[in-house]
Amino acid sequence: MGTSLGIRVQAVNKSFGRGEARTAVLKQTTFSAETGRLTMLVGPSGCGKTTLLSIIAGTLHADDGEIEVLGQRLDQMKSNAVAKFRAKNLGFIFQQFNLIPTLTAAENVSVPLVIQGHPYRYAEKKARDALAWVDLADHANFRPAKMSGGQLQRVAIARALVHDPQVILCDEPTSSLDSENGQQVMELLRKAAAQRDRMVLVVTHDNRTYRFADRMAEMEDGRILRVLDTQEEIRMHHPLGE
Ligand SMILES: Nc1ncnc2c1ncn2[C@@H]1O[C@H](COP(=O)(O)OP(=O)(O)O)[C@@H](O)[C@H]1O
Ligand SMILES: [Mg+2]
């Protein structure tokens with residue numbers, strides 16, 4: 001592949017446990033994703049999707065193999081350098097929205113900028129812009145308890161985008177949403193990839209979202225078995241979304 005703007009995972013192994021209980025979760029796993037596209041990583045529960053995502057995020061160490069994100073070899077970096085890299089370049093969206101209940105939407109969204117040391121006033125302004133981008137400008141002063149699941153996930157998307165990261169990593173972002181809200185979330189993620197020219201990686205086993213993918217990597221038992229490179233190909237292999 002070789003593009004410095006992508007994700008490149010090469011022959012990664014990862015096992016959990018010790019001795020008799022040791023089990024290989026990733027087995028010579030090779031995977032890639034490019035900027036400007038929404039890449040979906042799909043596969044049955046337990047096949048290793050979250051493990052692979054965590055390794056790409058730099059929050060989990062691979063046993064061996066190469067992990068390159070935006071031209072940087074994460075597997076060769078010191079952990080404080082990885083943490084800095086993550087704060088600057090990566091945004092995260094999870095199944096659970098992970099918002100702080102005592103903070104307003106705008107305050108929640110400003111957190112990544114505040115952590116990076118930006119002045120609060122600047123962070124708050126950027127947070128409001130990000131909330132407008134997910135169509136929640138009018139909810140900036142709401143606390144999570146006053147918002148619906150779909151709105152909360154859009155706040156989480158605003159928080160993931162507020163520092164304008166190049167890479168957005170999403171783990172089952174629609175799993176706790178109904179299909180209408182799930183579609184809204186996927187539309188925003190697709191828009192982030194296409195309009196903002198970002199790399200969006202969505203781990204999912206929610207087949208209602210397959211039509212939003214530009215590219216799909218199918219995982220089973222710790223390996224990528226097949227990569228479908230266009231939405232046409234995805235539709236051909238998953239005609240009813242299954
Ligand atoms: N920290 C851990 N310790 C031990 N086993 C783990 C750990 N994390 C994941 N696993 C195991 O690795 C396998 C893959 O998990 P995971 O990557 O979460 O799968 P997926 O996200 O595809 O459902 C599962 O069998 C899971 O139990
Ligand atoms: Mg998972």
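The structure this text deals with has already been given above.
Residues numbered from 1 in each chain as written. Chains lettered and ligands numbered in written order. Predicted model: local features only at pLDDT ≥ 70, side-chain atom pairs only at ≥ 80, totals over all residues. Heavy atoms only, no water.

Draft legend 1. Looking closely at the packing of aromatic side chains. Tallied over the entire structure, the rule returns one aromatic pair. Between Phe92 and Phe94 the ring centres are 6.1 Å apart and the planes differ by 5 degrees, which places this aromatic pair in the stacked class. On the accessibility criterion, Phe92 (22% relative accessible area) is partly exposed. Geometry around Trp133 places Lys191 over its ring, the cationic atom sitting 4.6 Å from the centre. (Phe/Tyr/Trp six-rings, centres within 6.5 Å; stacked < 30°, edge-to-face > 60°. Buried < 20%, exposed > 50% of the residue type's maximum accessible area, 1.4 Å probe, protein only. Lys NZ or Arg CZ within 6 Å of the ring centre and 35° of its normal.)

Draft legend 2. Here's a closer look at the sheet that holds strand β3 (residues 38-42). Judged by pairing direction, the sheet is mixed, and its six strands sit side by side in the order β6-β7-β8-β3-β9-β10 without closing on themselves. Each edge of the open sheet carries a strand with a single partner, namely β6 (90-94) and β10 (223-228). The average undirected angle you get between the axes of adjacent strands in this sheet is 20 degrees. For β3 and strand β9 (residues 215-220), the ladder comprises four bridges, and the chain directions are parallel. (Pairing = 2+ DSSP bridges. Helix = DSSP H or I, 4+ residues; strand = E, 2+ residues; numbered from the N terminus. Axes fitted to C-alpha atoms, helices over the stretch in contact; angles between N-to-C directions.)

Draft legend 3. Region of interest: unusual backbone geometry. Even without being a glycine, Leu70 presents a positive backbone phi close to 55 degrees. Among the structural elements, Leu70 can be located in the loop between β4 (64-69) and β5 (72-73). Positive phi outside glycine occurs at Asp221, with the angle close to 50 degrees. Tracing the backbone shows Asp221 in the loop between β9 and β10. A residue is classified by how much of its surface remains accessible, and Asp221, at 47% relative accessible area, is partly exposed.

Geometric descriptors of this kind do not, in isolation, establish any biological role.
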